[in-house]
Amino acid sequence: MSNHEIVDLHTEYSTTISRSWFERAQRVLPGGVNSPVRAFKSVGGQPPVIAYAEGAVLVDVDGNEYIDYIGSWGPMILGHREPSVVDAVHSAVDMGFSYGAPSTPEVCLAEEIITRVPGLEMVRFVNSGTEATMSAIRLARAATKRNVIIKFSGGYHGHADSFLVQAGSGAATFGLPDSPGVTPGAAQDTRCAIINDLDSVRALFEAEPDKIAAVIVEPVGGNVGCIPPVYGFLAGLRKLCTEFGALLIFDEVMTGFRVARGGAIERYNITPDLATFGKVIGGGLPVGAYGGKKEIMSLVAPQGPVYQAGTLSGNPLAMKAGLATLALLDDVAYRSLERKSARLEEGLTTACKELGIPAVVQRVGSMLTLFFTDKGVKNYADAQTCDHTRFRKFFHGMLERGAHLPPSGYECWFVSTAHSDTQIERTIHIAQEALASTK
Ligand code: KE4
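Asks: In this structure, what is going on with the pairing of strand 11 (residues 247–251)? I would like to understand it.
Replies: Every regular strand shows the same layout, with side chains that alternate between the two sheet faces. The buried fraction of strand 11 amounts to 5 of the 5 residues, a majority that puts the element mostly inside the structure. Side chains of strand 11 alternate between two faces, with Leu 247, Ile 249 and Asp 251 and Leu 248 and Phe 250 buried alike. Looking at chain direction, strand 10 (residues 212–217) and strand 11 are connected through 4 bridges and run parallel. Directly across from Val 217, in strand 11, lies its bridge partner Phe 250. Between strand 10 and its parallel partner strand 11, the chain crosses via helix 7 (residues 233–244), and the hand of that crossover is right-handed. With 3 bridges connecting them, strand 11 and strand 12 (residues 274–278) associate as parallel partners. Bridge pairing links Ile 249 to Leu 274 in strand 12.

Right, dumping it as structure tokens:
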């Protein structure tokens, strides 16, 4: 399969086969998908069903090619089927799929992650970001002997009950379940603050000074679109947690090894007590991890009493894919990601300006979001005021012209090392057309 450099403009954009597969999928999978955002509910229409991918290109079952900005929601930072990652998985397959016993790749990946992330001394592998964050919260509660956690409105940490909590009105509020099946009991120990608003966090601490076990934050908001931390926000969280005896948890499932070689911890030079990872460290295979200082991590079973387990945790195939991925994420790769992502940001910004479309592109490294708004987006409420109707039109305009954005205005676009300059320029060109079509 050749590496797709130029994506042909869709002359005949047929989705016949995708539609028949998606109808078939809806008969056996809730909503036809295995994760809600994939179903296009927030942008309308039906999703292309993907047949295969290579480099920065997705190809659907109708043969349509798309420059890929989903990147599997973050893991595919090297693009699809990066040859050395493919080789690593092939070689791992020859040694067996899963042992349920200690093996060397899990040790090597743990050492690599610990080497990269300042302050990290020990990690535990799990199989998803959700498992990582739910385990980190359990550990924080055990370590502090406290129950309450603070998250942020619009912060997404996976689908564990205590995270599926919607902030009520106002800065500080008791959590309300935002999914059926999440019991009031599961939500009662979750509080919501406002991203980039330290006063809203302090208010929660002062209301329950000795009850807060942890603050969990995406150091760069990635689940309400890309929302960088305002200056001093992360340092302020660090200070508040230390002052009130709570643990600071950086949820780096998305930012880990995406926004810098050592993740947001390195980029912002703030040391949390615990950090969670996923996505990139599996190179596209199912992996999550949580980690921190040995003093805290030694509480995790079997070294300590905090129970957590997993049949496929440390799976050798996934560990080898993660190792091969991180091996290619060196300074040259990050400089290339920065250059290409900055060019995309510039191209999109210029296109909107020339068309007189109110928009702002917010970016940290190779994760970015184009918000249709005339002001900066600093928190969830700001993101909600953006023009999501225009986003829906823009999204489909891009899809039909050969670029697959994440199907929601509340998600990040991901650039990979496989995105060529030609594909970045192509994206900017078709964005000019797609933006014009939204007017
Ligand atoms: P998973 O359980 O989906 O591996 O990870 C949950 C998670 C935890 N923390 C952060 C910061 C995350 O972004 C995620 C998952 N991210 C979404 C994308 N916004 C996954 C896409 C999906 O849900 O299908």
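Asks: When you look at the domain arrangement of the protein in this model, what are you seeing that I'm missing?
Replies: Interface size is often expressed as the accessible area that is lost when the parts come together. Looking at the protein, the domain boundaries give domain 1 (16–68 + 332–436) and domain 2 (83–328). Relative to domain 2, the C-alpha centre of domain 1 lies at a distance of 26 Å. Each side of the interface is counted separately: domain 1 has 22 residues, and domain 2 has 26 residues. Between domain 1 and domain 2, roughly 1700 Å² of surface is buried when both sides are summed, and carbon and sulfur atoms account for 64% of that area. It is Tyr 334, Val 364 and Met 367 that lose the most area in domain 1 upon contact with domain 2, and together they represent 35% of the buried surface on that side. The tally of links from domain 1 across to domain 2 stands at 0 salt bridges. Our enumeration of links across domain 1 and domain 2 arrives at 8 residue pairs in polar contact (both at pLDDT 80 or more). For the side of domain 1 that touches domain 2, the secondary structure elements donating two or more residues are helix 11 (331–355), strand 14 (360–364), strand 15 (367–371) and helix 12 (380–384). Among the elements that line the side of domain 1 that touches domain 2, the one with the most residues is strand 15, at 4 residues.

Asks: I tried to follow the site of the ligand on my own but got confused; where do I start?
Replies: Within the structure, the ligand sits among 16 residues, and Ser 35, Thr 130, Asn 223, Asp 251 and Glu 411 are positioned closest to it. Tyr 156 places a main-chain nitrogen or oxygen 3.5 Å from a nitrogen atom of the ligand. The side chain of Lys 279 places a nitrogen or oxygen atom 3.1 Å from a nitrogen atom of the ligand. Protein contact buries 85% of the 550 Å² of open area that the ligand shows by itself. Split into classes, the residues belonging to the shell around the ligand amount to 5 nonpolar, 7 polar and 4 charged.

Asks: In this structure, what is going on with the environment of Tyr 69? I would like to understand it.
Replies: Mapped onto the secondary structure, Tyr 69 falls in the loop between strand 3 (65–68) and helix 2 (83–93). Look at Tyr 69 and you get buried, because its relative accessible area is 0%. Taking the C-alpha atoms as reference points, Tyr 69 and Gly 79, separated by 10 residues in sequence, lie 9.9 Å from one another. Apart from residues lying up to four places away in sequence, Tyr 69 is in contact with Leu 344, His 404, Leu 405, Pro 406, Cys 412, Trp 413, Phe 414, Val 415, His 419, Gln 423, Ile 424 and Thr 427. A polar contact of 2.6 Å, which involves the side chain of Tyr 69, links it to the side chain of Thr 427.

Reading the values: the criteria
- Residues numbered from 1 in each chain as written.
- Predicted model: local features only at pLDDT ≥ 70, side-chain atom pairs only at ≥ 80, totals over all residues.
- Heavy atoms only, no water.
- Buried < 20%, exposed > 50% of the residue type's maximum accessible area, 1.4 Å probe, protein only.
- Helix = DSSP H or I, 4+ residues; strand = E, 2+ residues; numbered from the N terminus.
- Pairing = 2+ DSSP bridges.
- Right-handed = clockwise from strand over helix to strand, strands pointing away.
- Domains from an automatic or database assignment.
- Contact = heavy atoms within 4.5 Å.
- Buried area = accessible area lost by both parts, 1.4 Å probe.
- Salt bridge = Lys/Arg side-chain N within 4 Å of Asp/Glu carboxyl O.
- Polar contact = N/O pair within 3.5 Å; in protein donor to acceptor, adjacent residues only side chain to side chain.
- Near = heavy atom within 4 Å.
- Areas by Shrake-Rupley, 256 points an atom, 1.4 Å probe, with all protein chains shown as cover.
- Nonpolar A, V, L, I, M, F, W, Y, C, P; charged D, E, K, R; others polar.

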